[in-house]
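So you can see what is in the structure, the chains are spelled out below.
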Amino acid sequence: MMEQIQQPWPWYVAGILIGLIVPALLILGNKTFGISSNLRHVCAACFPADIKFFKYDWKKEIWNFFFAGGILGGAFIANYFLMTGAPIEVSPGLQSELAGYGLSDYSYMLPKELFSFESLLTVRGFVIMVVGGFLVGFGTRYAGGCTSGHAIMGLSNLQWPSLVATISFMVGGFFMANIILPWILSL
Amino acid sequence: MNNEKVQNIDSNTACVNESTQQHPAWYNLKYAAVGIIFGIVFVKAEIISWFRIQEMFRLQSFHMFGVIGTAVVVGAISVFLIKKLDIKTIHGEKIKIADKEFNKGQIYGGLLFGFGWALTGACPGPLFAHIGAGFYAVLVVILSAVAGTWTYGYFRDKLPH
């Protein structure tokens, strides 16, 4: 049992558990699944700066901080108690592409050559961490949700605007990963 | 047109499904419990992995499509049953799910988020998970995401919606 838990979990186990979060949040207290709103609540709580978009009673949304805090705790438990410590398995095609950019560290789920405080001083590290993070925050709010709010919650509730958003996420991702990112990684 | 329309979107993005019931703050721990399960799944199924996201966008692996697809099917069946059987919350409240209204932000914002998703290999949930997993450099990405959200709020009235 423990041995199975320590192996990477298959997609259907993850998919079923994530899908069940939708009814769990609804039944526990009428909450719709979503995470990117937390970024807005942080702005509203810490730097509202008299901007209308951040002037609302963020304390009513405090459940979302608890949810995000839980994610943090769950990731801690999984990473420190439920892992084998084996390197991440990556498809051979991606491995050979990344090797061309000098990326070969598979000890963590992010390439440590790109995601570190030192790599902030490199062009590609800065673009990936700072510009990438900015686009995540700007884009999710502009779109009104992220993968959880639109792709999972919105599609589960058969909302066509969420389908538009999900398709846009994927189009943007395909374009960046295949056309722009190779150039950024070679910087 | 923008101002009024943008204000309407406002009511659609904050405080939806607000419960009318008042509960002590510790009741929120139930959401933390759900979050813990989510966080464990994030790590164990490698959903927070930059490599898995790159494989998804390069069509080198079915994994992430399987995860998201299964989650949508399970979520859709659940929502259908909740509506069909008129299932109530544990506090006896009627479950309401607000409709999403279309605006062009879902396209423009969606594309921009897609760029960020492919760069960072993470959507907002996995960003929090990386901190829990002890990978603190991702704090930079989170701070930048907060700055992005703030910048959107600042320029919101001037952006096409």
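Source: prediction; values computed, not measured. (Residues numbered from 1 in each chain as written. Chains lettered and ligands numbered in written order. Predicted model: local features only at pLDDT ≥ 70, side-chain atom pairs only at ≥ 80, totals over all residues. Heavy atoms only, no water.)

Side note on the packing of helix α3 (residues 50-57) of chain B against helix α4 (residues 63-84) of chain B
All names here are of chain B.
Consideration 1: As a packed pair, α3 and α4 sit with axes 8 Å apart at the nearest point and diverge in direction by 90°. The pairing of α3 with α4 is recorded here as roughly perpendicular in orientation. Seen from α3, the contacting residues are Arg52, Ile53 and Met56; seen from α4, they are His63, Met64 and Phe65.
Consideration 2: Of the residues assigned to the contact of α3 with α4, the class counts are four nonpolar, one polar and one charged. (Axes fitted to C-alpha atoms, helices over the stretch in contact; angles between N-to-C directions. Helix = DSSP H or I, 4+ residues; strand = E, 2+ residues; numbered from the N terminus. Parallel < 35°, antiparallel > 145°, perpendicular 65-115°, else oblique. Contact = heavy atoms within 4.5 Å. Nonpolar A, V, L, I, M, F, W, Y, C, P; charged D, E, K, R; others polar.)

Comments concerning the interface of chain A and chain B
Consideration 1: Contacts between chain A and chain B engage 130 residues on the former and 121 residues on the latter.
Consideration 2: Taken together, the links from chain A to chain B amount to one salt bridge.
Consideration 3: With a shortest N-O distance of 2.8 Å, Arg58 of chain B and Glu97 of chain A are connected by a salt bridge.
Consideration 4: At the boundary of chain A and chain B, one finds 32 residue pairs in polar contact (both at pLDDT 80 or more).
Consideration 5: Every element with two or more residues in the side of chain A that touches chain B is listed here: α1 (2-6), α2 (11-29), α3 (37-46), α4 (62-81), α5 (92-99), α6 (123-143), α7 (147-156) and α8 (160-185) of chain A.
Consideration 6: Ranked by residues supplied to the side of chain A that touches chain B, first place goes to α8 of chain A with 19 residues.
Consideration 7: For the side of chain A that touches chain B, the per-class residue count stands at 86 nonpolar, 33 polar and eleven charged. (Salt bridge = Lys/Arg side-chain N within 4 Å of Asp/Glu carboxyl O. Polar contact = N/O pair within 3.5 Å; in protein donor to acceptor, adjacent residues only side chain to side chain.)

Here's the deal with the domain arrangement of chain A
Residues and elements named next belong to chain A.
Consideration 1: Each domain of chain A was delimited in the assignment, giving domain 1 (1-83) and domain 2 (114-187).
Consideration 2: Each of domain 1 and domain 2 has a C-alpha centre, and the two are 18 Å apart.
Consideration 3: Each partner contributes residues to the interface: domain 1 has twelve residues there, and domain 2 has ten residues.
Consideration 4: Summed over both partners, the interface of domain 1 with domain 2 comes to about 800 Å²; 75% of that surface belongs to carbon and sulfur atoms.
Consideration 5: Three residues stand out in domain 1 for area buried against domain 2, namely Val22, Phe33 and Ser36, and they jointly supply 53% of the buried area on that side.
Consideration 6: At the surface where domain 1 touches domain 2, the tally comes to zero salt bridges.
Consideration 7: Of the residues in the side of domain 1 that touches domain 2, the class split is seven nonpolar, four polar and one charged. (Domains from an automatic or database assignment. Buried area = accessible area lost by both parts, 1.4 Å probe.)

Notes on the nonpolar core
Consideration 1: Counting 88 residues, the largest nonpolar core has Phe33 and Phe67 of chain A together with Trp50 and Trp117 of chain B as its most contacted members.
Consideration 2: A per-element tally of this core places α8 of chain A first, with eight residues.
Consideration 3: Lining this core are residues from two domains, each supplying at least three of them: domain 1 (1-83) and domain 2 (114-187) of chain A.
Consideration 4: Those residues in contact with Phe67 of chain A that sit more than four places away from it in its chain are Ile21, Leu25, Phe33, Gly34 and Ile35 of chain A together with Tyr31, Ala32, Val34, Gly35 and Phe38 of chain B.
Consideration 5: Grouped together as the second largest cluster of nonpolar side chains are 13 residues, Leu39, Phe54, Phe138 and Tyr142 of chain A included. (Core = buried A, V, L, I, M, F, W, Y, C linked by side-chain atoms within 4.5 Å. Buried < 20%, exposed > 50% of the residue type's maximum accessible area, 1.4 Å probe, protein only.)

Section: unusual backbone geometry
Consideration 1: The phi dihedral of Leu158 of chain A is positive, around 55°, even though this residue is not glycine.
Consideration 2: Position of Leu158 of chain A relative to the elements: it lies in the loop between α7 and α8.

Remarks on the side chain of Asn157 of chain A
Consideration 1: Mapping Asn157 of chain A onto the fold places it in the loop between α7 and α8.
Consideration 2: Exposure remark for Asn157 of chain A: the relative accessible area of 5% places this residue in the buried category.

Some remarks on the layout of surface pockets
Consideration 1: Taken as a whole, the largest pocket spans an internal volume of roughly 480 Å³.
Consideration 2: For the largest pocket, the lining is made up of 22 residues, of which Lys31 and Lys60 of chain A together with Gln21, His23 and Asn28 of chain B are closest to its centre.
Consideration 3: Going through the elements one at a time, α4 of chain A together with α2 (29-44) of chain B are the ones with two or more residues in the lining of the largest pocket.
Consideration 4: For the lining of the largest pocket, the residue count by class is seven nonpolar, eight polar and seven charged.
Consideration 5: Lining the second largest pocket are 21 residues, with Pro8, Ala86, Pro87 and Ile88 of chain A together with Glu46 of chain B sitting closest to its centre.
Consideration 6: Residue composition of the lining of the second largest pocket, by class: ten nonpolar, seven polar and four charged. (1 Å grid on protein atoms, 1.4 Å probe; cavity = no way out; pocket = protein on both sides within 12 Å on 5 of 7 lines; lining within 4 Å. Points joined across faces, edges and corners; volume = space filled by probe spheres on them.)

Here's the deal with α2 of chain A
Consideration 1: For α2 of chain A, spanning 19 residues, the distance from its first C-alpha to its last is 28 Å, which sits close to the expected 27 Å at 1.5 Å a residue.
Consideration 2: Of all the residues in α2 of chain A, the buried ones are Ala14, Gly15, Ile18, Gly19, Ile21, Val22, Pro23, Leu25, Leu26, Leu28 and Gly29 of chain A.
Consideration 3: Where α2 of chain A is buried, its residues contact α4 and α7 of chain A together with α2 and α4 of chain B.
Consideration 4: Of the residues flanking the end of α2 of chain A, it is Asn30 of chain A, one or two places downstream, whose phi is positive at about 60°. (Expected span 1.5 Å × (residues − 1).)

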